[in-house]
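Residues per chain, in single letters:
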Amino acid sequence: MIYSPEKYRIKDQRMKPFIDPDEIWEILEKIKPTRERVREVIRSALDKKRLSLEETAVLINADDPELTEEIKEGARQLKEKVYGERIVLFAPLYVGDMCINNCIYCGFRKDNKTKRITLSREELITETRALTGHGHKRLILVYGEHPRYSPEFIADTVKTVYSVKKNNGEIRRVNINAAPFDIQGFRTIKDAGIGTFQIFQETYHEPTYMEVHLGGVKRNYEWRLTALDRAQEAGIDDVGIGALFGLYDWRFEVMGLVRHVNHFEAVYGVGPHTISFPRIQNALSLDISKSNLVDDESFVRLVAILRLAVPYTGLILTAREPAHIRDQVLRFGVSQIDGGTNIELGGYSKQKEGEQDLAMEQFRINDTRSLNEIMDELIGKGYIPSFCTACYRLGRTGEHFMEFSVPGFIKRYCSPNALLTLAEYLEDYAPENTKRKGYVLIEKKVAELSKHQNVKGLKIKLEEVKKGKRDLYF
Ligand code: SAM
Ligand code: SF4
């Protein structure tokens, strides 16, 4: 039943396709921005107004190096205003790589006749233990698209991950990246207590979509485009969208993502929780040279443009990108990254050294640093690495979340909560030198917060963490 999108009918206006390629190209071709207009759009974004498609096109078409610098600077300021110095950390956990689809860019495509693996319950527990053993609190579970990975199966895996507790280790938020389902399917998964449900459109350009999706359910562009509407209908108000950069012109994809955000805000009163913008990487039987590769400079620019265009949407960057690109885009907009990533099925517990085997993994990753290496570096650069899950657990998601995204909320709740989860990490997992640096950072940040608010409660909770209490938040 889940694998029969042909049975699915657009019964509802809300689920009608909302991407008009002609409209997007017309806007992109029409707009020739003046310097003054670019600055006006940056100012508007700094007032935390979500940008229209026209305004986004102004930034996309402003490719003069001086204006590019101003766009990046605007993005840096906006990021600081909305997110402060927090960077949320998570890890991907691949549950199964069986797949009925034939996406030409993916190592798991059906035509790759490789050995397929689906983690057993015991293996999933072992992997989760390995991740909690390094300090992770937030995971994203990843699945191929296959009848075996039904909503019930996914719900079971979510429950299994939540059940793992060892010493102070536990996973407090499980996000999902899996195939689209029907409304009932999404409901089943929601009931297991998930955080964000991510589905990437890959490309918003339908002719390209048809060229790269050679077979399987995923060839149905519309079924995928309306997937997260069905998730919303099922009560999942925390959704993540994304495009795979390298399939089509990046300018079109940025416009597609912004249009997708507009659609959610217009229909549900709340935008997606996150946007992902993976860049295509080498994979088994993929000839990457035939891709529409996005160069590093354009990539950093597009992240800065997205930051300005959708101020309240979290931006996620993964270990597909090397450390030096991560460093740059952390400044200009990214609010979540993964750490200590291993995308081999069962890879966290094996701890194999050396090159990735692309016959066993979805694609090449370029940042293989351990979680602690990344924590240490973030701390050294003055970021606050955060494992916070408070909003999700207090039901501050979706529309409610938007209410909280108001001035002051970050300082009152997010920053203190990030510091509390950092203190937990320092106590339970960090080597001595990271711990020392981490506490210096915490003291500095508490002192900064004390200029604007009463930090007595925070100081008490930090002491409690040192004495062994866990999972404290505001
Ligand atoms: N099978 C589900 C689906 O297709 O929606 C789960 C997604 S897949 C395991 C996660 C994401 O990885 C895809 O949506 C795609 O954007 C990305 N991906 C696939 N192949 C890639 C590659 N060669 N390089 C970078 N990202 C890739
Ligand atoms: Fe399957 Fe997803 Fe890979 Fe496509 S991207 S082949 S659907 S795992």
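Since the model is a prediction, treat every value here as computed from it, not as a measurement.

Rules and cut-offs
- Residues numbered from 1 in each chain as written.
- Chains lettered and ligands numbered in written order.
- Predicted model: local features only at pLDDT ≥ 70, side-chain atom pairs only at ≥ 80, totals over all residues.
- Heavy atoms only, no water.
- Helix = DSSP H or I, 4+ residues; strand = E, 2+ residues; numbered from the N terminus.
- Rg over C-alpha atoms; globule rule 2.2 N^0.38 Å.
- Contact = heavy atoms within 4.5 Å.
- Near = heavy atom within 4 Å.
- Nonpolar A, V, L, I, M, F, W, Y, C, P; charged D, E, K, R; others polar.
- Salt bridge = Lys/Arg side-chain N within 4 Å of Asp/Glu carboxyl O.
- Buried < 20%, exposed > 50% of the residue type's maximum accessible area, 1.4 Å probe, protein only.
- Polar contact = N/O pair within 3.5 Å; in protein donor to acceptor, adjacent residues only side chain to side chain.
- Areas by Shrake-Rupley, 256 points an atom, 1.4 Å probe, with all protein chains shown as cover.
- Expected span 1.5 Å × (residues − 1).
- Pairing = 2+ DSSP bridges.
- Core = buried A, V, L, I, M, F, W, Y, C linked by side-chain atoms within 4.5 Å.
- Phe/Tyr/Trp six-rings, centres within 6.5 Å; stacked < 30°, edge-to-face > 60°.
- Lys NZ or Arg CZ within 6 Å of the ring centre and 35° of its normal.
- Domains from an automatic or database assignment.
- Buried area = accessible area lost by both parts, 1.4 Å probe.

J.: Tell me what's going on with the overall build of the chain, and back it up with residues and numbers.
T.: Broken down by element type, the chain carries 20 helices and 11 strands. Since a compact globule built from 474 residues should have a radius of gyration of about 23 Å, the 21 Å found for the chain is in line with a globular shape. Summarising its shape, the C-alpha atoms of the chain cover approximately 60 × 60 × 45 Å along the three principal directions. In the chain, the proportion of contacts linking residues at least 24 apart, taken out of those at least 6 apart, comes to 75%.

J.: Give a detailed account of the site of ligand 2, specifying residues and quantitative values.
T.: Ligand 2 sits among Cys99, Asn101, Cys103, Tyr105, Cys106, Phe108, Arg109, Gly144, Lys218 and Gln362. Classifying every residue of the shell around ligand 2 by side-chain character gives five nonpolar, three polar and two charged.

J.: Before we move on, could you go through the pattern of salt bridges and cite the residues and values that matter?
T.: Using the criterion set out here, one finds 36 salt bridges in the structure. We note a salt bridge from glutamate 66 to arginine 39, for which the minimum N-O separation is 3.9 Å. Highlighted residues: glutamate 66 in helix H4 (residues 65-83) and arginine 39 in helix H2 (residues 35-46), separated in sequence by 27 residues. In this structure glutamate 66 comes out as partly exposed when scored by relative accessible area, which is 45%. Of the residues examined, arginine 39 reaches a relative accessible area of 27% and is grouped as partly exposed. Glutamate 344 serves as the salt-bridge partner of lysine 350, at 2.8 Å between the closest nitrogen and oxygen. Classification of glutamate 344 by relative accessible area gives buried; the value is 8%. Salt bridges sharing common partners tie together Arg326, Asp327, Asp338, Asp367, Arg369, Glu377 and Lys381.

J.: How would you explain the site of ligand 1 if you had to name every residue and give the values?
T.: Close to ligand 1 lie 20 residues; Tyr105, Glu202, Lys218, Arg224 and Arg320 are nearest. Between glutamate 202 and ligand 1, the recorded distance is 2.6 Å, taken from a side-chain N or O atom to an oxygen atom. In the model, an oxygen atom of ligand 1 is placed 3.4 Å from a nitrogen or oxygen of the glutamine 362 side chain. In the complex, 97% of the free accessible area of ligand 1, which totals 560 Å², lies under the protein chains. Taken together, the residues that form the shell around ligand 1 break down as 10 nonpolar, four polar and six charged.

J.: Lay out the side chain of threonine 132 in plain terms, naming residues and giving numbers.
T.: Secondary-structure assignment places threonine 132 in helix H5 (residues 121-134). Judged by its relative accessible area of 3%, threonine 132 is buried. In this view, threonine 132 contacts Gly169, Glu170, Ile171 and Tyr429; residues no more than four positions away in its chain are not counted.

J.: Go over H5, please, and point to the residues and values.
T.: Three- or four-residue spacings in an α-helix give side chains the same orientation, since the helix completes a turn every 3.6 residues. Compared with an ideal rise of 1.5 Å per residue, which puts 14 residues at 20 Å, H5 spans 20 Å between its outermost C-alpha atoms and is within 8% of the ideal. Along H5, the residues classified as buried are Leu124, Ile125, Glu127, Thr128, Ala130, Leu131 and Thr132. Positive backbone phi, approximately 115°, marks glycine 135, located one or two places after H5.

J.: Got a sec to walk through the pairing of strand S5 (residues 173-177)? Specific residues and values, please.
T.: Across the five residues that make up S5, a large majority, five, are buried. Covered by surrounding structure in S5 are Arg173, Asn175 and Asn177 together with Val174 and Ile176, the residues of both alternating faces. One ladder, built from five bridges, connects strand S2 (residues 138-143) with S5; its direction is parallel. Directly across from leucine 141, in S5, lies its bridge partner isoleucine 176. Across two bridges, S5 lies against strand S6 (residues 197-198) in parallel orientation. In the strand pairing of S6, isoleucine 176 is matched with phenylalanine 197.

J.: Talk me through the environment of phenylalanine 18; I want residue IDs and the actual numbers.
T.: Looking at where phenylalanine 18 falls in the secondary structure, it is placed in the segment before helix H1 (21-30). For the pair phenylalanine 18 and histidine 260, spaced 242 residues apart in sequence, the C-alpha separation works out to 7.6 Å. Non-local contacts of phenylalanine 18, meaning those with residues more than four positions away in its chain, are made with Leu225, Asp229, Arg259, His260 and His263.

J.: Quick rundown of the nonpolar core? Include the residues and the values.
T.: Note that soluble globular proteins tend to have their nonpolar side chains buried in a common cluster. In terms of nonpolar packing, the biggest core is built from 149 residues, with Leu141, Ile176, Phe197 and Phe277 touching the most fellow members. The contacts of leucine 141, once residues within four sequence positions are left out, are Leu93, Val95, Thr157, Val158, Val161, Val174, Asn175, Ile176 and Asn177.

J.: Help me get a handle on H2, residues and values and all.
T.: Counted at 1.5 Å a residue, the expected span for H2 with its 12 residues is 16 Å, and the 17 Å between its end C-alpha atoms agrees. When we look at burial in H2, the residues that qualify are Val38, Val41, Ile42, Ser44, Ala45 and Leu46. Buried positions along H2 lie against helix H3 (53-61), H4 and helix H12 (296-309). Phi turns positive, to about 65°, at lysine 48, one or two residues after H2.

J.: If you had to explain the packing of aromatic side chains to someone new, which residues and values would you point to?
T.: One pass over the structure, following the stated rule, counts 14 aromatic pairs. Ring plane angle 35° and centroid distance 5.9 Å describe the contact between tyrosine 425 and tyrosine 429, whose orientation is recorded as tilted. Looking at tyrosine 425, the relative accessible area reads 2%, which means it is buried. Grouping aromatic residues by their ring pairs yields a cluster made of Trp25, Tyr248 and Phe252. Stacked on the ring of phenylalanine 299, the Lys or Arg arginine 279 has its end atom at 4.3 Å from the ring centre. The residue whose ring lies beneath lysine 461 is phenylalanine 474, and the NZ or CZ to ring-centre distance is 4.7 Å.

J.: I'd like to hear about the domain arrangement of the chain, residue by residue, with values.
T.: By domain assignment, the chain separates into domain 1 (13-18 + 84-390), domain 2 (21-78) and domain 3 (397-466). For domain 1 and domain 2, the distance between their C-alpha centres works out to 27 Å. The partner domain 2 presents 27 residues to the 25 residues of domain 1 that form the contact. Of all residues in domain 1, the largest losses of buried area upon contact with domain 2 belong to Met255, Arg301 and Leu308, amounting jointly to 32% of the total for that side.

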